[in-house]
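Structural overview for review
The residues making up each chain are set out below.
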Amino acid sequence: MLYYNMREKVDAMFLSDKWKDYSIIDAGDGSKLERWKDVTLLRPEPQAVWPMKNHSADAVYIRSKSGGGHWEFFRDLPESWRICYKDLAFIVRPTGFKHTGLFPEQAVNWDWMRGLIKKRSAPVKVLNLFAYTGGATCALLKEGAEVCHVDAAKGIVSWAKENVALNGLQERKARFIVDDCVKFVRREIRRNNRYDAILMDPPSYGRGPTGEMWRMEADLYALVKDCATLLSDEPCFFLLNSYTTGLAPSVLSNVLELALPKGTIAAEEIGLPIERGGLVLPCGASVRWTPAKD
């Protein structure tokens, strides 16, 4: 229905006009070959365990044995460039930790959230946790939502502000917070703040700005349970994404079933189409909650 585990739905969504600036050309041998507008990048992809035919790229990310890695460039590339999705624009750049600043598979969730916000007559106040470079924040602001954007990395939050400005949304209601998400949520509970919608995109593991440790399996449920306290009396949605290998969509569904009020929950694997052979690259899981209808 909404996700890309059904091949015909993949074709309908991502081979349409919506992602003109992005595609996965090929994947396999532990890598994926992507087109980001007119630049091709070859990046590690542990889920791609089948053979790959096309390895030709403008830049390749090479992992080091000691951890981390570096880019090898085969032609001069700009430091950053712009790509578009529908009416949204984003700055992408190859980073030292292999990412480009955007997760294209999340476009299906941007569309879903925007659709729900359109149906609301009153403004929607959204808390975006582990908000990264602001893909979702831009989509939400575009639809008129008020967004509190929280991430532990100062440079990443600055990148999100760049994306917001690129879309001409800098005058919209947005707060950008550099903080540990768990600690921020607990402070919001003490402040008695409430949100109509919450989304989170937590990493498998990580550290906050002052060294706080986060581990998905150990810390997720407690955070979702705390976030449930922040939901307003008339909530709009709750969205949880996971890239943690081994956590099935049903695991995320169970977390929301136990932690949130009664509602409708839909959890599925998400992915992106690969141009070669009609394959689909798995890209984690999403679970969506909407309140029960009276």
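Some points on helix H2 (residues 107-118)
Compared with the 16 Å implied by 1.5 Å per residue over 12 residues, the 17 Å span of H2 between its first and last C-alpha is a close match. Within H2, nine of the 12 residues are buried, leaving the element largely enclosed by the surrounding structure. Listed as buried for H2 are Ala107, Val108, Asn109, Trp110, Trp112, Met113, Arg114, Leu116 and Ile117.

Description of the packing of helix H5 (residues 181-191) against helix H6 (residues 216-230)
Direction vectors running N to C along H5 and H6 enclose 30°, while the axes themselves pass 9 Å from each other. With respect to H6, the element H5 is oriented roughly parallel. In this structure, the crossing between H5 and H6 has a hand that is left-handed. In this structure, H5 uses Val182, Val185, Arg186, Glu188 and Ile189 to contact H6, whose residues at the interface are Leu223, Asp226, Cys227, Thr229 and Leu230. When its residues are assigned to classes, the contact of H5 with H6 shows six nonpolar, one polar and three charged.

What about the sheet that holds strand S1 (residues 22-28)?
Within a sheet, adjacent strands bond to each other through the backbone by hydrogen bonds, running parallel or antiparallel. Pairing within the open sheet is mixed, and its five strands lie in the order S1-S2-S3-S4-S5. If you trace the sheet from one side to the other, it starts and ends with S1 and strand S5 (69-73), each paired once. Between one strand and the next, the sheet's axes are offset by a mean angle of 20°, whatever the strand orientation. Examined bridge by bridge, strand S3 (residues 39-44) and strand S4 (residues 59-63) share two bridges and lie parallel to one another. Bridging from a neighbouring strand, Leu41 pairs with Ala59 of S4.

With respect to the pairing of S4
Within a regular strand, the side chains alternate between the two sheet faces. By the bridge criterion, five bridges tie S4 to S5 in an arrangement that is antiparallel. When the sheet's bridge partners are listed, Tyr61 is paired in S5 with Trp71. In sequence, S4 turns back onto S5 through a hairpin of five residues, with Gly67 there showing a positive phi of about 105°.

Notes on the sheet that holds strand S9 (residues 146-151)
If you walk across this open sheet you meet the seven strands as S10-S9-S8-S11-S14-S16-S15, and the pairing is mixed. This sheet does not close on itself; its edge strands, each paired only once, are strand S10 (174-178) and strand S15 (263-273). Shown here is a sheet whose adjacent strand axes are inclined to one another by a mean of 15°, direction ignored. Alignment of strand S8 (residues 125-129) against strand S11 (residues 197-200), held across four bridges, turns out to be parallel. The partner of Asn128 across the bridge, within S11, is Leu199. Along the sheet, helix H4 (residues 154-166) contacts S9 and S10; its crossing angle with S10, the most-contacted strand, is approximately 160°. Along the sheet face, helix H7 (residues 249-259) touches strand S14 (237-242), S15 and strand S16 (280-291) and points at about 155° away from the line of S15.

Cut-offs and rules
Residues numbered from 1 in each chain as written. Predicted model: local features only at pLDDT ≥ 70, side-chain atom pairs only at ≥ 80, totals over all residues. Heavy atoms only, no water. Helix = DSSP H or I, 4+ residues; strand = E, 2+ residues; numbered from the N terminus. Expected span 1.5 Å × (residues − 1). Buried < 20%, exposed > 50% of the residue type's maximum accessible area, 1.4 Å probe, protein only. Axes fitted to C-alpha atoms, helices over the stretch in contact; angles between N-to-C directions. Parallel < 35°, antiparallel > 145°, perpendicular 65-115°, else oblique. Left-handed = near helix turned anticlockwise from the far one by under 90°. Contact = heavy atoms within 4.5 Å. Nonpolar A, V, L, I, M, F, W, Y, C, P; charged D, E, K, R; others polar. Pairing = 2+ DSSP bridges.

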